Amino acid sequence: MIRLGWRLLFGDPAKALGLIFGIAFATLLITQQGALFVGLMLRTQGLIEDAQEVDLWVMDPAVEYLDASQSMRDIELQRVRGVNGVKWAVPMFKTTTPLKTPEGRINNALLIGFDDASLIGATQRFLVGSVEDLRRPDAVAIDRYGFVKLWPGEPIAVGKVLELNDRRAEIVAITDAAAAFALQVILYARYSQAVSYAPTGRHQMSFILARAGEGGARTVAQRVTAETGLKARSSTDFSEMTINYYLKNTGIPVNFGVVIVIGIIVGVAVVGLTMNMFVNDNMRIFGVLKAIGVTNSQIVGMLLTQCAIAAIIGFGIGIGLTAAFFTFAATPTSDLRGFFLPWWIAAGGLFLIVTVVLVASVASLRRVLWVDPAIVFRG
Amino acid sequence: MVPASNQVAVRCRGIAKNFAQGGHATRALDSIDLELRLGEITFIVGPSGSGKTTLLSIIGGILSPDDGELDVLGVPLRQLPPGKLVRFRGVNVGFVFQQFNLIPSLTAVENAALPLIIAGRSERDANAAASELLCRLGLQSQLSMFPRDMSVGQQQRISIARALVHNPRLVVSDEPTAALDADSSHVVMEILRTLAVTDSRAVLVVTHDSRIFRTGDRVLRMEDGRMVSEEDVYS
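Quantities reported herein were computed from a predicted structural model and do not represent experimental measurements.

About the thresholds
Residues numbered from 1 in each chain as written. Chains lettered and ligands numbered in written order. Predicted model: local features only at pLDDT ≥ 70, side-chain atom pairs only at ≥ 80, totals over all residues. Heavy atoms only, no water. Domains from an automatic or database assignment. Contact = heavy atoms within 4.5 Å. Buried area = accessible area lost by both parts, 1.4 Å probe. Salt bridge = Lys/Arg side-chain N within 4 Å of Asp/Glu carboxyl O. Polar contact = N/O pair within 3.5 Å; in protein donor to acceptor, adjacent residues only side chain to side chain. Nonpolar A, V, L, I, M, F, W, Y, C, P; charged D, E, K, R; others polar. Helix = DSSP H or I, 4+ residues; strand = E, 2+ residues; numbered from the N terminus. Phe/Tyr/Trp six-rings, centres within 6.5 Å; stacked < 30°, edge-to-face > 60°. Buried < 20%, exposed > 50% of the residue type's maximum accessible area, 1.4 Å probe, protein only. Patch = residues over 30% accessible without salt bridge, like charges linked within 9 Å, V, L, I, M, F, W, Y side chains within 5 Å. Areas by Shrake-Rupley, 256 points an atom, 1.4 Å probe, with all protein chains shown as cover. Core = buried A, V, L, I, M, F, W, Y, C linked by side-chain atoms within 4.5 Å. Pairing = 2+ DSSP bridges. 1 Å grid on protein atoms, 1.4 Å probe; cavity = no way out; pocket = protein on both sides within 12 Å on 5 of 7 lines; lining within 4 Å. Points joined across faces, edges and corners; volume = space filled by probe spheres on them.

A. Fine view of the domain arrangement of chain A. All names here are of chain A. Its domain assignment divides chain A into domain 1 (2-44 + 251-377) and domain 2 (61-229). Its C-alpha centre places domain 1 at a distance of 47 Å from the equivalent point of domain 2. Contacts between domain 1 and domain 2 engage 9 residues on the former and 13 residues on the latter. Summed over both partners, the interface of domain 1 with domain 2 comes to about 970 Å²; 56% of that surface belongs to carbon and sulfur atoms. Interface area lost by domain 1 to domain 2 is led by Arg43, Thr333 and Arg337, which between them contribute 57%. On the surface where domain 1 and domain 2 come into contact, there are 0 salt bridges. Viewed at the interface, domain 2 and domain 1 are joined by 0 residue pairs in polar contact (both at pLDDT 80 or more). For the side of domain 1 that touches domain 2, a count of residues per class yields 3 nonpolar, 3 polar and 3 charged.

Okay, here's the thing in C-alpha cells:
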C-alpha cells in the first residue's frame, strides 16, 4: 500500500514536484532565516565567547549589554580583586576608533585592550603570530576579516602598518576572532597601548574580567555586586543579557520572525493546496479503493506516506540549500562570517515542516475519509 | 459458509432506501425482494432514476439499506460493523465500473493485482496472478502498458480482471458495456460469462444495453424504486 501511495503521488509529476518544491522553499525560508537570526544574536556576544579564561564580567551598573560599556575608575579593579571568591581580575578596554592604512583606506575598528601583564582577555584564536607578539611596542593584532577588508586581494601576513588616531600601529598577528555585531575590523592590543590609541577621558576601563573561585561565577558575581555596587555577571548570564537586550530593543526578532512565519504560511498553503488538488483529482480513485476493500486506516497510512515522502525529499532539498548557502556564503572573509546552520535549527526546521505538512494534510485526510465509495457508480 | 453452485448467493427482503434531497426524503428503493444464484448472470434494467445503481451498491455492500434484510453469501451485511464490511467486500465482491476507474499511474498488471495487494498478498504473487488472468483475457501484450495507452475495450478487460483476480463469489457490474462498441461489448460479456459463471459466481449487471441480454440468465426490470417484472432470457 505504501508503494501504491508513492505511485499515486508520482503518477502526476507536476503536483508531486509542486508539493516537494513548496516544502523545500518553506524549509529554506525557515532554516536559513532562523540560522541567520541565531548567528546575528550570537555575534552580539562574540567577544564574551572569545574571552575563554574569563567566567565573570564586572561593569558599571548602568551597562545593559556588551556594546554599550561605561568607563569605570581604576580603583574598581582593586575593589573587585578584594572580593572573596575572586581568583583574579584584569582590566579590559573596549572602544571604537578610526583607522587609516598607508594606502589611504579608512575604516572604523573595534579596539580591544587586554591586561598588559597576563594578556588575558584577548582571543585565543590566532592564525598568524601569537598573543605574546603583542608585547612588542606599537603591536596590534587584526582579525582575518578586517585584514581582507583593508588589503583586499593581498595574502594574509604580518608587518602591515596602520594609523590609529594618528598613532602608528604595526600588525604583528592575525586572529580568527569571533565576529562582532556591527563593526568590520577587530583590533587587539595591550591595555596600556589601546588606551593610548583611543583616549576616552578620565576613566578608561570598560570591563573588569575575572575568574571566580569557590562558589562558582554566579555566586561570586552576587558577592561582587553586594560589596562594590558594580554590576557583575557570569559569562553565560552576560551573553544572555546582551542577546536579550537586542531581542527587546531592536526590530531584528520581528523582521526575522515575519520571514519565518511567511515560510510556515507558504509551506501550509503550498502543501495544503497541493494535497487538496491531489485528493480532489483522485477522489474517484479513493472511492474505488474503498469499494474494493481498502480500509480508512490504510488510506490514511497511504496519504501520510505520500506526505512523509514529499516532506522528507522537500526538507532534504531545502536543508541542503540552506547548508550550501552557509558553506559557500559564510566564509571566514565574507560579510556573513560567523553565520552557520546550527543542528538544532535544522532539527527545529524538520519539526516545523512535519507539523506544517500534517496540519495542511488534515483537511484533505478528512475529505478522503468521508468520501462515499458509491461515488464510483456515479457518472 | 459460502454456498455451492446454484444456491442462493444474495437474498434481499423488503430492502428500502431513502435519500435526502432538497430538505425531504426521496424513496430510491421500495420493498425490494430479490434472490441471486451462483452460476447466474442477472441483469437489472430500467429507466434512469429507477434505483438500479442504488440496489447494486447495496448488494455490493457499498451502501446500507434503511430497511429490510440483506444476506450476501450467507452473511447478513446489515449486521456487519463498517470495518468488517470493508473487508467482506474486499474478499467476496468484485466490481466492474462503467468508467473502468483504473488508476492511471499503475500498469495493467498492477491495476488488476490491486485487490490481492489490498488483501495482503505479496506484490510478486499478486502480479503473477493478475498477469495470468490478463493473459486469459487476451491482454498478454499489454501487461506493462498504462491505461492511457490502451483502447476502452482493453481497459474494461483490465477492470474485469481486477474484479475477478481475488476470486470473489459475487461480481457486481454497472453498465460494463456503456462505453464500448458492439463487438467489444460482446467480447466483454462473453468474458464475464466464461470467467464468472463457469467458476460458480453470481453476477449482477445493471445495464441499458439490450444487446447483451442474451449473455445473461435473467432480466429484472425496475421502475420508481420497485421491481416490476422478471423474465428468463431463455424462456
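B. Summary view of the interface of chain A and chain B. Contact with chain A, which involves 24 residues of that partner, is made by 27 residues of chain B. Carbon and sulfur atoms make up 67% of the surface buried where chain A meets chain B, a total of about 2,200 Å² over both sides. Three residues, A:Arg7, A:Ile292 and A:Phe377, lead the burial of chain A against chain B; their summed loss comes to 35% of the area buried on that side. There are 0 salt bridges connecting chain A and chain B. Where chain A touches chain B, the interface holds 4 residue pairs in polar contact (both at pLDDT 80 or more). Among the secondary structure elements, those contributing two or more residues to the side of chain A that touches chain B are helix 1 (2-10) and helix 10 (283-291) of chain A. When grouped by side-chain class, the residues that make up the side of chain A that touches chain B number 13 nonpolar, 5 polar and 6 charged.

C. View of the packing of aromatic side chains. All names here are of chain A. Under the criterion given, the structure shown has 13 aromatic pairs over all chains. Aromatic side chains Phe93 and Tyr191 sit 6.3 Å apart centroid to centroid with 80° between the ring planes, which places their arrangement in the edge-to-face category. Linking Phe93 in strand 2 (residues 86-100) with Tyr191 in helix 6 (residues 191-197), this pair joins segments that are 98 residues apart in sequence. Here Phe93 matches Tyr191 in class, with each residue buried.

D. Looking closely at a nonpolar patch on the surface. All names here are of chain A. Among the surface-exposed residues, Leu304, Leu350, Val354 and Leu358 lie close enough to one another that they form a single nonpolar patch of about 290 Å² accessible area. Considering every element that reaches the nonpolar patch, the biggest residue donor is helix 12 (residues 343-370), with 3 residues. Mapped onto the fold, Leu350 is located in helix 12. Of the residues examined, Leu350 reaches a relative accessible area of 38% and is grouped as partly exposed.

E. View of the side chain of A:Gln204. Residue and element names in this part refer to chain A. For Gln204, the position within the fold is in the loop between helix 6 and strand 9 (207-212). Take Gln204: its relative accessible area is 15%, and that puts it in the buried class. Dropping the residues within four chain positions of it, Gln204 is found in contact with Ser71, Met72, Phe93, Tyr191 and Val195.

F. The arrangement of the nonpolar core in detail. A:Phe286, A:Leu289 and B:Ile59 are the most contacted members of the largest nonpolar core, which has 77 residues in total. In terms of residue count, the dominant contributor to this core is helix 11 (residues 296-329) of chain A (8 residues). Not counting chain neighbours up to four residues away, the residues in contact with A:Phe286 comprise A:Phe278, A:Val279, A:Ile299, A:Met302, A:Leu303, A:Val368 and A:Val371. In terms of nonpolar packing, the next biggest core, distinct from the first, is built from 40 residues, A:Ala109, A:Val140, A:Leu164 and A:Tyr191 among them.

G. Structural context of the sheet that holds strand 1 (residues 8-21) of chain B. All names here are of chain B. Pairing is antiparallel across the open sheet formed by 4 strands, whose spatial order is 2-1-4-5. What marks the edges here is a single partner per strand, and that holds for strand 2 (24-37) and strand 5 (75-76). The sheet contact formed by strand 1 and strand 2 spans 10 bridges and is antiparallel. The partner of Ala20 across the bridge, within strand 2, is Ala25.

H. How the structure looks around the pattern of salt bridges. Residue and element names in this part refer to chain A. With the rule as written, the count across this model stands at 22 salt bridges over all chains. Where Lys94 meets Asp67, a salt bridge forms, and the shortest distance between an N and an O atom there is 3.5 Å. Highlighted residues: Lys94 in strand 2 and Asp67 in the loop between strand 1 (56-59) and helix 4 (75-81), separated in sequence by 27 residues. Judged by relative accessible area, which is 9%, Lys94 ranks as buried. By relative accessible area, which is 33% here, Asp67 ends up partly exposed. Taken together, the shared-partner salt bridges connect Arg73, Glu76 and Arg79 into one network.

I. Inspection of empty space enclosed by the protein at higher detail. All names here are of chain A. Summed over all chains, the structure comprises 3 cavities of 30 Å³ or more. Of the pockets and cavities examined, the largest cavity occupies roughly 90 Å³. Forming the walls of the largest cavity are 16 residues, and the residues nearest its centre are Gly46, Leu47, Leu110, Ala178 and Ala180. When residues in the lining of the largest cavity are grouped by element, the largest group, 3 residues, is from helix 3 (residues 46-50). Residue classes in the lining of the largest cavity are distributed as 10 nonpolar, 2 polar and 4 charged.

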